[in-house]
Amino acid sequence: MPEAIEVHPILRRPALVCGAMVAGMLALVLASPFLPNARDGQVPVAVAQRDLHFTDRADGGVSITEAPSGRPVATLEPGEGGFVRGTVRGLVRERRREDIGSAIPFRLTAWQTGQLTLEDQATGRRLDLTGFGQTNSAAFARLLTNRE
């Protein structure tokens, strides 16, 4: 009769192992903007950064202002800026789930690597906008320098 192979107790819980693997992958994805660039071995440096508030208007438009000054940056009229609206709406939905208000701005950052990220400073969630294509990331990139 073959001898029984003893399995480590942690491996008897596949859900725990799977959860740990998913958590590890998520941590790697979220940390990726700060990992060294494989081409040059340098940590990315922010070349432009702006903290922004997005406010719904009564007419269906969205006002975008600079934090903390409150200076206008841009206005999305009703029906315009679908990618910007959808992206911010998803982040705001997360804030509502966690019962977080709108006082803390979103941080838009352009990195020397060419990457563009939008970070919800309230939840810590960071989106790599360049992953959505040049047209979509350009909609956010103009908010780094735009003044109404």
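Worth saying up front: this structure is predicted, and the values here are computed from it rather than measured.

J.: Help me understand the packing of helix α2 (residues 82-97) against helix α3 (residues 134-141) in this model?
T.: If you want to describe how two helices pack, look at the angle between their axes and the distance between the axes. Closest axis-to-axis distance for the α2/α3 pair is 9 Å, and the angle between their directions is 75°. By the angle between their directions, the pair α2 and α3 is classed as roughly perpendicular. In contact with F83, V84, T87 and V88 of α2, α3 contributes N136, A139 and F140. Taken together, the residues of the contact of α2 with α3 sort by class into five nonpolar, two polar and no charged.

J.: Could you clarify how one ought to interpret the sheet that holds strand β2 (residues 62-66) in this entry?
T.: The strands that make up a sheet are held in pairs by hydrogen bonds between backbone atoms, and each pair lies either parallel or antiparallel. Pairing within the open sheet is antiparallel, and its six strands lie in the order β3-β2-β1-β4-β5-β6. Either end of the sheet is taken by a strand with one partner, and the two such strands are β3 (72-76) and β6 (126-128). Each neighbouring strand pair of the sheet contributes to a mean axis angle of 25°, computed without reference to strand direction. In the packing of α2 onto the sheet, the strands contacted are β1 (46-56), β2, β3, β4 (106-111), β5 (116-120) and β6, and the crossing angle to β5 comes to about 30°. Sheet strands touched by α3: β1, β4 and β5. Its angle to β5, the strand with the most contacts, is close to 60°.

J.: Before we go on, may I ask you to explain a positive patch on the surface in this structure?
T.: Taken together, the side chains of R89, R93, R96 and R97 present a region of like positive charge at the surface. Along the chain, the position of R96 falls in helix α2.

J.: I'm lost on the environment of T109 in this one. Help?
T.: Residue placement: T109 occurs in strand β4. Remark: the alpha-carbon pair of T109 and D128, spanning 19 residues in sequence, is separated by 9.8 Å. Apart from the residues lying within four places of it in its own chain, the contact partners of T109 are A46, A48, Q49, Q115, L116 and T117. Of the polar contacts made by the side chain of T109, one reaches the side chain of Q49; its length is 3.1 Å.

J.: Looking at this structure, how should I read the pairing of β4?
T.: Of all six residues that make up β4, five are buried, and the element is covered over most of its length. Pairing between β1 and β4: six bridges, direction antiparallel. Each residue of the ladder has a partner; that of L52, found in β4, is F106. What sits between β4 and β5 in their antiparallel hairpin is a turn of four residues, with G114 showing a positive phi close to 95°.

J.: Can you help me understand the side chain of R95 in this one?
T.: Examined against the element boundaries, R95 turns out to sit in helix α2. Once residues lying within four places of it in the same chain are set aside, the contact partners of R95 are I100, G101, S102, I104, P105, F106, D120, Q121, A122 and T123.

J.: Sorry if this is basic, but what is going on with the pairing of β1 here?
T.: Working note: regular strand, side chains alternate between the two faces of the sheet. Examined bridge by bridge, β1 and β2 share five bridges and lie antiparallel to one another. In the sheet register, T55 faces β2, and the bridge partner there is S63. In sequence, β1 turns back onto β2 through a hairpin of five residues, with G60 there showing a positive phi of about 95°.

Cut-offs used in this document
- Residues numbered from 1 in each chain as written.
- Predicted model: local features only at pLDDT ≥ 70, side-chain atom pairs only at ≥ 80, totals over all residues.
- Heavy atoms only, no water.
- Axes fitted to C-alpha atoms, helices over the stretch in contact; angles between N-to-C directions.
- Helix = DSSP H or I, 4+ residues; strand = E, 2+ residues; numbered from the N terminus.
- Parallel < 35°, antiparallel > 145°, perpendicular 65-115°, else oblique.
- Contact = heavy atoms within 4.5 Å.
- Nonpolar A, V, L, I, M, F, W, Y, C, P; charged D, E, K, R; others polar.
- Pairing = 2+ DSSP bridges.
- Patch = residues over 30% accessible without salt bridge, like charges linked within 9 Å, V, L, I, M, F, W, Y side chains within 5 Å.
- Areas by Shrake-Rupley, 256 points an atom, 1.4 Å probe, with all protein chains shown as cover.
- Salt bridge = Lys/Arg side-chain N within 4 Å of Asp/Glu carboxyl O.
- Lys, Arg positive; Asp, Glu negative; His and termini not counted.
- Charge placed at Lys NZ, Arg CZ, Asp CG, Glu CD.
- Polar contact = N/O pair within 3.5 Å; in protein donor to acceptor, adjacent residues only side chain to side chain.
- Buried < 20%, exposed > 50% of the residue type's maximum accessible area, 1.4 Å probe, protein only.

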